[in-house]
Amino acid sequence: MRVGIGYDSHKFVPGRPLILGGQTIPFDKGLAGHSDADAVAHALIDAILGAAAAGNIGSLFPDSDPRWQGADSLALLRAAYQEVRDRGLVFHQADITVIIERPQLGPHTAAMAQALAGALGAEAGTISIKAKTNEGMGFIGRGEGVAVMAVATLELS
Ligand code: MG
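Residues numbered from 1 in each chain as written. Predicted model: local features only at pLDDT ≥ 70, side-chain atom pairs only at ≥ 80, totals over all residues. Heavy atoms only, no water.

(A) A look at the overall build of the protein chain. For the protein chain, the count of helices and strands is five helices and seven strands. Listing every helix and strand of the protein chain by position from the N terminus yields β-β-β-β-α-α-α-β-α-β-α-β. In terms of C-alpha radius of gyration, the protein chain reaches 15 Å, essentially the compact-globule figure of 15 Å for 157 residues. C-alpha extents for the protein chain along the principal axes are approximately 45 × 35 × 25 Å. For the protein chain, with 157 residues in total, the buried portion stands at 46%. A separation threshold of at least 6 residues defines the contact pool for the protein chain, and within that pool the share at least 24 residues apart is 71%. Carbon together with sulfur atoms contributes 52% to the accessible area of the protein chain, which is approximately 7,400 Å² in total. Within the protein chain, the 16 negative side-chain charges are centred at a point lying 2 Å from the centre of the 12 positive side-chain charges. (Helix = DSSP H or I, 4+ residues; strand = E, 2+ residues; numbered from the N terminus. Rg over C-alpha atoms; globule rule 2.2 N^0.38 Å. Buried < 20%, exposed > 50% of the residue type's maximum accessible area, 1.4 Å probe, protein only. Contact = heavy atoms within 4.5 Å. Areas by Shrake-Rupley, 256 points an atom, 1.4 Å probe, with all protein chains shown as cover. Lys, Arg positive; Asp, Glu negative; His and termini not counted. Charge placed at Lys NZ, Arg CZ, Asp CG, Glu CD.)

Right, dumping it as structure tokens:
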């Protein structure tokens, strides 16, 4: 069994859709980023890459590369998982915490888990997504951005 940890944060900006866990979530702002800025997918990517000692999202998909401009982060997750499988490892489970003041993600977490698991060829029940606020504190509390933590385990295939 291998364990990896991932973290990501993105800033809210006007004029972009809010995409988290592959879902477009109704809100008046989106997240800034080179790709679709899906911080949930990005944290999970870093967790599975970390568990495989296979680098990180920035080394696989540098934001200086125009190929990843506006990229669908579920496609990046699939590509990262191929790197993991090439090292003889398979996804086992993940636990993800999204720290966001607004909007409430509760109604979306099941669809997010299903989408992320689908990209990994896994059952939705292998991915846990929990959302919480930062109790009004700091940049998250002020609604300036979102942060995500993820832990993932892999097994030898
Ligand atoms: Mg990111």
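After that view of the structure, there is still more to cover.
(B) Representation of the packing of helix α3 (residues 73-86) against helix α4 (residues 109-119) in the model. Where α3 contacts α4, the axes come no closer than 8 Å and their chain directions differ by 40°. On the basis of their axis angle, the class for α3 and α4 is oblique. Every residue of α4 that contacts α3 at L74, L77 and R78 is listed here: A115, L116 and A119. Along the lines of polarity and charge, the residues of the contact of α3 with α4 split into five nonpolar, no polar and one charged. (Axes fitted to C-alpha atoms, helices over the stretch in contact; angles between N-to-C directions. Parallel < 35°, antiparallel > 145°, perpendicular 65-115°, else oblique. Nonpolar A, V, L, I, M, F, W, Y, C, P; charged D, E, K, R; others polar.)

(C) Focus on α4. Within α4 the residues assigned to the buried category are T109, M112, A113, A115, L116, A117 and A119. In the core, the buried residues of α4 are packed alongside β2 (18-20), β3 (23-25), α1 (39-51), α3, β5 (89-99) and β6 (127-132). Looking one or two residues beyond α4, the residue adopting positive phi is G121, at roughly 65°.

(D) Focus on the coordination of the magnesium ion. On the protein side, the magnesium ion has D8 (OD), H10 (NE2) and H42 (ND1) as donor atoms, found 2.1 to 2.2 Å from it. Read in sequence order, the donor residues coordinating the magnesium ion give the pattern D-x1-H-x31-H. Of this pair, H10 sits in strand β1 (residues 2-13) while H42 sits in helix α1, and the two are 32 residues apart along the sequence. Given the relative accessible area of 7%, H42 is considered buried. (Donors = N, O, S within 2.8 Å, 3.2 Å for Na, K, Ca; no water.)

(E) Layout of the pattern of salt bridges. Counting across every chain of the model gives four salt bridges. The salt bridge partner of R67 is D65, with a shortest N-O separation of 3.0 Å. One salt bridge connects R87 with E83, and the closest N-O pair in it is separated by 3.4 Å. Overall, the relative accessible area of 42% leaves R87 in the partly exposed class. (Salt bridge = Lys/Arg side-chain N within 4 Å of Asp/Glu carboxyl O.)

(F) Quick look at the pairing of strand β7 (residues 145-156). Of the pairings in the sheet, the one linking β1 to β7 comprises 10 bridges and is antiparallel in character. Considered in β7, the bridge of G6 is made with A150. Where β5 and β7 come together, 10 bridges link them in antiparallel fashion. Paired with V90 across the strands is E155, a residue of β7. (Pairing = 2+ DSSP bridges.)

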